Amino acid sequence: CSMVETSLPFYFGWFLCPTQQEKLRNMANEFLSAVGSLEAFKEHVGDFAGEAEKEVNLQQYFQDKGVLHCTTKFCDYGKANGAKEYAEKQVVRESYGSKADLVLTALFLTPRTLGAQVSLTEAQLQLWPEDAEKEAVQSADLPRGSRAHVTLGCAEGVDPVQTGLDLLEVVLQCQQGDKGEHVQDLELGPLTYYGKGVWMVKLSEPLNTPAIFSSFYG
Ligand code: ACK
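Everything quoted here is computed from the prediction, not taken from an experiment. The residue numbering used here restarts from 1 in each chain and proceeds along that chain's sequence as written. For a predicted model such as this one, the threshold for reporting local features is a pLDDT of at least 70, and the threshold for listing and counting side-chain atom pairs is 80 or more; totals across whole chains, interfaces and linings nevertheless cover every residue. Excluding hydrogens and water, the side-chain figures rest on all heavy atoms present in the structure.

A. Layout of the site of the ligand. For this description, a residue counts as near a given molecule or strand if any of its non-hydrogen atoms is within 4 Å of it. By nearness alone, every residue bordering the ligand is listed as Phe10, Tyr11, His69, Thr71, Phe74, Glu135, Arg147, His149, Thr151, Pro160 and Val161. Contact between the ligand and His69: an oxygen atom at 2.8 Å from a side-chain N or O atom of the residue. Here a polar contact is recorded for every N or O atom pair within 3.5 Å, except that within protein the pair must consist of a potential hydrogen donor and a potential acceptor, and residues adjacent in sequence are included only if both atoms are side-chain atoms. Separating an oxygen atom of the ligand from a backbone N or O atom of Pro160 is a distance of 3.3 Å. Considered on its own, the ligand offers 450 Å² of accessible surface; in the complex 81% of this is hidden by protein. Buriedness of a pocket was judged along seven lines, with at least five required to meet protein on both sides within 12 Å; pockets are open sets of points on a 1 Å grid over the protein atoms alone, cavities are sets where a 1.4 Å probe fits but cannot get out, and lining residues have an atom within 4 Å of a point. Occupancy of a cavity or pocket is assigned to a molecule whenever over half of its atoms lie within 2 Å of that pocket's grid points. Among the cavities detected, the one that contains the ligand is the largest pocket. For the shell around the ligand, the elements supplying multiple residues, two or more each, are strand 2 (69-74) and strand 5 (149-154). Values of accessible area rely on a 1.4 Å probe in the Shrake-Rupley scheme; residue burial ignores everything except the protein chains shown. The secondary structure listing takes helices from DSSP runs of H or I that are at least 4 residues long and strands from runs of E that are at least 2 residues long, numbered from the N terminus.

Here's what the structure looks like:
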(Lines give C-alpha, C1' and ligand atoms only; values in the text may rest on other atoms or scores of the structure.)
Protein backbone atom coordinates (compact mmCIF):
# COMPACT_ATOMS: atom_id res chain seq x y z
CA CYS A 1 0.00 0.00 0.00
CA SER A 2 1.47 3.39 -0.97
CA MET A 3 -0.25 5.32 1.83
CA VAL A 4 2.78 5.21 4.11
CA GLU A 5 5.35 5.89 1.42
CA THR A 6 7.60 8.76 2.48
CA SER A 7 8.71 11.35 -0.01
CA LEU A 8 12.38 11.92 -0.70
CA PRO A 9 14.06 15.23 0.13
CA PHE A 10 15.76 17.70 -2.18
CA TYR A 11 19.06 16.65 -0.59
CA PHE A 12 20.67 15.06 2.49
CA GLY A 13 23.57 16.70 4.25
CA TRP A 14 25.15 18.11 7.38
CA PHE A 15 23.63 21.43 8.41
CA LEU A 16 25.72 23.91 10.37
CA CYS A 17 24.29 25.31 13.59
CA PRO A 18 23.37 29.03 13.39
CA THR A 19 26.31 30.26 15.48
CA GLN A 20 28.70 28.23 13.33
CA GLN A 21 27.15 29.60 10.18
CA GLU A 22 27.85 33.10 11.38
CA LYS A 23 31.40 32.23 12.31
CA LEU A 24 32.05 30.72 8.89
CA ARG A 25 30.45 33.64 7.05
CA ASN A 26 32.72 36.01 8.98
CA MET A 27 35.72 33.92 8.04
CA ALA A 28 34.65 33.95 4.39
CA ASN A 29 34.34 37.74 4.50
CA GLU A 30 37.81 38.00 5.96
CA PHE A 31 39.05 35.78 3.11
CA LEU A 32 37.31 37.95 0.48
CA SER A 33 38.72 41.18 1.92
CA ALA A 34 42.22 39.75 2.13
CA VAL A 35 42.25 38.34 -1.41
CA GLY A 36 40.40 41.29 -2.94
CA SER A 37 42.99 43.77 -1.67
CA LEU A 38 46.04 41.91 -3.01
CA GLU A 39 47.99 43.31 -5.94
CA ALA A 40 48.27 39.74 -7.24
CA PHE A 41 44.48 39.51 -7.31
CA LYS A 42 44.12 42.83 -9.10
CA GLU A 43 46.51 41.56 -11.76
CA HIS A 44 44.16 38.66 -12.46
CA VAL A 45 40.91 40.59 -12.06
CA GLY A 46 40.04 40.05 -15.73
CA ASP A 47 39.01 36.50 -14.76
CA PHE A 48 36.17 38.04 -12.78
CA ALA A 49 35.15 41.26 -14.38
CA GLY A 50 36.22 41.11 -17.99
CA GLU A 51 39.22 43.02 -19.23
CA ALA A 52 37.46 46.38 -19.29
CA GLU A 53 36.92 46.62 -15.55
CA LYS A 54 39.73 47.24 -13.14
CA GLU A 55 38.04 46.38 -9.89
CA VAL A 56 35.66 43.85 -8.49
CA ASN A 57 33.96 43.92 -5.11
CA LEU A 58 34.07 40.26 -4.09
CA GLN A 59 31.54 40.76 -1.27
CA GLN A 60 28.99 41.87 -3.85
CA TYR A 61 30.17 39.43 -6.49
CA PHE A 62 29.12 36.32 -4.51
CA GLN A 63 25.47 35.87 -3.64
CA ASP A 64 24.33 34.03 -0.56
CA LYS A 65 22.78 30.61 -1.18
CA GLY A 66 20.94 30.07 2.10
CA VAL A 67 21.55 27.69 4.99
CA LEU A 68 25.18 26.58 5.18
CA HIS A 69 25.53 22.85 4.77
CA CYS A 70 27.65 20.08 3.32
CA THR A 71 25.56 18.06 0.87
CA THR A 72 26.00 14.30 1.06
CA LYS A 73 23.38 13.14 -1.44
CA PHE A 74 21.44 15.30 -3.88
CA CYS A 75 18.12 13.49 -4.30
CA ASP A 76 16.02 16.00 -6.24
CA TYR A 77 12.89 14.60 -4.52
CA GLY A 78 13.70 11.13 -5.88
CA LYS A 79 14.56 12.07 -9.44
CA ALA A 80 18.34 11.83 -8.95
CA ASN A 81 20.11 8.51 -9.57
CA GLY A 82 20.32 6.34 -6.47
CA ALA A 83 18.23 8.69 -4.33
CA LYS A 84 15.90 6.03 -2.97
CA GLU A 85 18.73 3.54 -2.35
CA TYR A 86 20.64 6.21 -0.43
CA ALA A 87 17.67 7.20 1.72
CA GLU A 88 17.09 3.55 2.60
CA LYS A 89 20.66 2.78 3.64
CA GLN A 90 20.86 1.67 7.23
CA VAL A 91 23.66 4.10 8.10
CA VAL A 92 21.63 6.99 6.67
CA ARG A 93 18.56 6.08 8.68
CA GLU A 94 20.54 5.52 11.86
CA SER A 95 22.51 8.75 11.52
CA TYR A 96 19.53 10.93 10.72
CA GLY A 97 19.33 13.75 13.26
CA SER A 98 22.71 13.04 14.79
CA LYS A 99 25.54 15.52 15.35
CA ALA A 100 28.84 15.44 13.50
CA ASP A 101 31.95 17.55 13.86
CA LEU A 102 32.95 18.74 10.43
CA VAL A 103 36.50 19.83 9.80
CA LEU A 104 36.89 22.69 7.34
CA THR A 105 40.42 22.75 5.97
CA ALA A 106 40.43 25.42 3.24
CA LEU A 107 38.49 28.29 1.72
CA PHE A 108 38.44 28.86 -2.03
CA LEU A 109 37.03 31.23 -4.58
CA THR A 110 36.74 31.02 -8.33
CA PRO A 111 35.00 33.26 -10.88
CA ARG A 112 31.94 31.06 -10.24
CA THR A 113 31.84 30.06 -6.60
CA LEU A 114 33.00 30.68 -3.02
CA GLY A 115 33.30 27.63 -0.78
CA ALA A 116 34.94 25.77 2.07
CA GLN A 117 36.64 22.41 1.71
CA VAL A 118 35.48 19.74 4.15
CA SER A 119 37.76 16.87 5.19
CA LEU A 120 35.52 13.97 6.12
CA THR A 121 36.44 11.37 8.74
CA GLU A 122 36.14 7.64 8.07
CA ALA A 123 32.86 7.60 9.99
CA GLN A 124 31.50 10.54 8.00
CA LEU A 125 32.54 8.87 4.74
CA GLN A 126 30.01 6.13 5.53
CA LEU A 127 27.35 8.68 4.62
CA TRP A 128 29.15 9.73 1.44
CA PRO A 129 27.73 8.27 -1.81
CA GLU A 130 30.08 5.82 -3.56
CA ASP A 131 29.88 7.63 -6.89
CA ALA A 132 29.91 11.32 -5.87
CA GLU A 133 33.32 12.00 -7.40
CA LYS A 134 32.99 9.66 -10.40
CA GLU A 135 29.65 11.26 -11.29
CA ALA A 136 31.42 14.61 -11.57
CA VAL A 137 34.76 13.61 -13.10
CA GLN A 138 34.47 10.30 -14.96
CA SER A 139 38.01 10.33 -16.28
CA ALA A 140 39.90 10.44 -12.97
CA ASP A 141 40.26 8.44 -9.80
CA LEU A 142 39.66 11.03 -7.10
CA PRO A 143 39.74 10.16 -3.39
CA ARG A 144 36.32 9.55 -1.88
CA GLY A 145 35.03 12.65 -0.16
CA SER A 146 37.17 15.05 -2.17
CA ARG A 147 34.03 16.79 -3.43
CA ALA A 148 32.86 17.55 0.13
CA HIS A 149 32.33 21.29 0.63
CA VAL A 150 30.16 24.05 2.00
CA THR A 151 28.91 26.54 -0.58
CA LEU A 152 29.35 30.08 0.75
CA GLY A 153 28.21 31.97 -2.32
CA CYS A 154 27.82 31.90 -6.08
CA ALA A 155 28.33 34.43 -8.83
CA GLU A 156 25.17 35.69 -10.48
CA GLY A 157 23.45 32.99 -12.49
CA VAL A 158 25.64 30.16 -11.12
CA ASP A 159 24.03 27.11 -9.50
CA PRO A 160 25.52 25.88 -6.19
CA VAL A 161 26.27 22.45 -7.65
CA GLN A 162 29.23 24.24 -9.24
CA THR A 163 31.07 24.69 -5.91
CA GLY A 164 31.91 21.00 -5.56
CA LEU A 165 32.91 20.81 -9.21
CA ASP A 166 35.25 23.79 -8.79
CA LEU A 167 36.78 22.09 -5.75
CA LEU A 168 37.30 18.85 -7.68
CA GLU A 169 39.12 20.76 -10.38
CA VAL A 170 41.66 21.99 -7.83
CA VAL A 171 42.01 18.48 -6.37
CA LEU A 172 42.53 17.09 -9.87
CA GLN A 173 45.08 19.76 -10.71
CA CYS A 174 47.05 18.89 -7.55
CA GLN A 175 46.78 15.17 -8.30
CA GLN A 176 48.30 15.86 -11.71
CA GLY A 177 51.25 17.53 -10.03
CA ASP A 178 50.31 21.19 -10.47
CA LYS A 179 50.56 22.57 -6.96
CA GLY A 180 49.71 26.12 -7.99
CA GLU A 181 51.64 29.24 -7.11
CA HIS A 182 52.13 30.21 -3.47
CA VAL A 183 51.15 33.89 -3.35
CA GLN A 184 51.65 34.82 0.28
CA ASP A 185 50.67 33.93 3.82
CA LEU A 186 47.37 35.46 4.89
CA GLU A 187 46.31 35.60 8.51
CA LEU A 188 44.09 32.59 7.75
CA GLY A 189 46.96 30.61 6.23
CA PRO A 190 48.98 30.16 3.03
CA LEU A 191 47.26 31.41 -0.13
CA THR A 192 47.71 29.62 -3.46
CA TYR A 193 46.75 30.74 -6.96
CA TYR A 194 45.80 27.89 -9.30
CA GLY A 195 45.26 29.99 -12.42
CA LYS A 196 42.05 31.01 -14.19
CA GLY A 197 40.84 32.99 -11.18
CA VAL A 198 41.05 30.09 -8.71
CA TRP A 199 42.36 31.03 -5.25
CA MET A 200 42.60 28.82 -2.18
CA VAL A 201 43.73 29.44 1.38
CA LYS A 202 44.67 26.41 3.42
CA LEU A 203 43.55 27.17 6.96
CA SER A 204 46.50 27.05 9.33
CA GLU A 205 43.91 26.33 12.00
CA PRO A 206 41.20 24.10 10.50
CA LEU A 207 37.72 25.10 11.62
CA ASN A 208 35.90 22.44 13.62
CA THR A 209 32.21 22.97 13.22
CA PRO A 210 29.33 21.01 14.71
CA ALA A 211 26.59 20.10 12.24
CA ILE A 212 23.44 17.96 12.17
CA PHE A 213 22.92 15.19 9.60
CA SER A 214 19.48 15.81 8.17
CA SER A 215 17.69 16.66 4.95
CA PHE A 216 16.24 19.64 3.16
CA TYR A 217 12.85 19.60 1.47
CA GLY A 218 12.64 23.26 0.37
O1 ACK B 1 26.14 23.75 -2.48
P2 ACK B 1 25.62 22.42 -2.68
O3 ACK B 1 26.37 21.24 -2.22
O4 ACK B 1 25.25 22.23 -4.22
O5 ACK B 1 24.15 22.36 -2.13
C6 ACK B 1 23.20 22.47 -3.12
C7 ACK B 1 22.07 21.50 -2.90
O8 ACK B 1 22.36 20.34 -3.66
C9 ACK B 1 20.72 22.06 -3.35
O10 ACK B 1 20.82 22.61 -4.62
C11 ACK B 1 23.56 20.52 -4.38
N12 ACK B 1 23.35 19.97 -5.72
C13 ACK B 1 22.52 20.43 -6.69
N14 ACK B 1 22.58 19.63 -7.77
C15 ACK B 1 23.46 18.65 -7.49
C16 ACK B 1 23.96 17.53 -8.21
N17 ACK B 1 23.55 17.23 -9.43
N18 ACK B 1 24.87 16.74 -7.59
C19 ACK B 1 25.30 17.01 -6.35
N20 ACK B 1 24.87 18.05 -5.62
C21 ACK B 1 23.97 18.87 -6.17
C22 ACK B 1 23.85 21.99 -4.39
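B. Molecular detail of the layout of surface pockets. Space inside the largest pocket adds up to approximately 630 Å³. Lining the largest pocket are 23 residues, with His69, Thr71, Phe74, Pro160 and Val161 positioned closest to its centre. Where the lining of the largest pocket is concerned, the elements lending two or more residues are strand 2, helix 8 (132-136) and strand 5. Counted by class, the lining of the largest pocket contains eleven nonpolar, six polar and six charged residues. Grid points are joined across faces, edges and corners, and a volume is the space filled by probe spheres set on the points. Note that Gly is not counted as nonpolar here; it falls among the polar residues with everything else outside the nonpolar set of Ala, Val, Leu, Ile, Met, Phe, Trp, Tyr, Cys and Pro and the charged set of Asp, Glu, Lys and Arg.

C. Representation of the nonpolar core. To define a nonpolar core, start from buried Ala, Val, Leu, Ile, Met, Phe, Trp, Tyr and Cys residues and group those joined through side-chain atoms within 4.5 Å. Any residue under 20% of the maximum accessible area for its type is buried, any over 50% is exposed, and the rest in between are partly exposed; the area is computed with a 1.4 Å probe on protein chains only. Counting 55 residues, the largest nonpolar core has Leu107 and Leu109 as its most contacted members. Any two residues whose heavy atoms approach within 4.5 Å are treated as being in contact. Those residues within four positions of Leu109 in sequence are excluded, and the remaining contacts are Phe31, Leu32, Val35, Phe48, Leu58, Phe62, Leu114, Gly197, Val198 and Trp199. Residues Ala106, Phe108, Val137 and Tyr194 belong to the second largest nonpolar core, which totals 13 residues.

D. Region of interest: the confidence of the model for the chain. Taken residue by residue, the chain gives an average pLDDT of 94. The fraction at 70 or more is 95%. Scoring of the predicted complex yields 0.96 for pTM and 0.99 for ipTM. The predictor reports its confidence for every residue as pLDDT, a score running from 0 up to 100.

E. Unusual backbone geometry, seen in detail. With a phi angle near 50°, Asp76 is a residue other than glycine that sits in the positive phi range. Using a relative accessible area of 22% as the deciding quantity, one classes Asp76 as partly exposed. Here Tyr77, not a glycine, exhibits a phi torsion of approximately 60°, which is positive. Locating Tyr77 in the fold gives a position in the loop between strand 2 and helix 5 (83-88). By relative accessible area, which is 42% here, Tyr77 ends up partly exposed.

F. Up close: the environment of Gln175. Turning to its location among the elements, Gln175 is positioned in helix 9 (residues 161-175). Counting along the chain gives 35 residues from Gln175 to Ala140, while the straight-line C-alpha distance between them is 9.6 Å. A polar atom in the side chain of Gln175 sits 2.9 Å from the backbone oxygen of Asp141.

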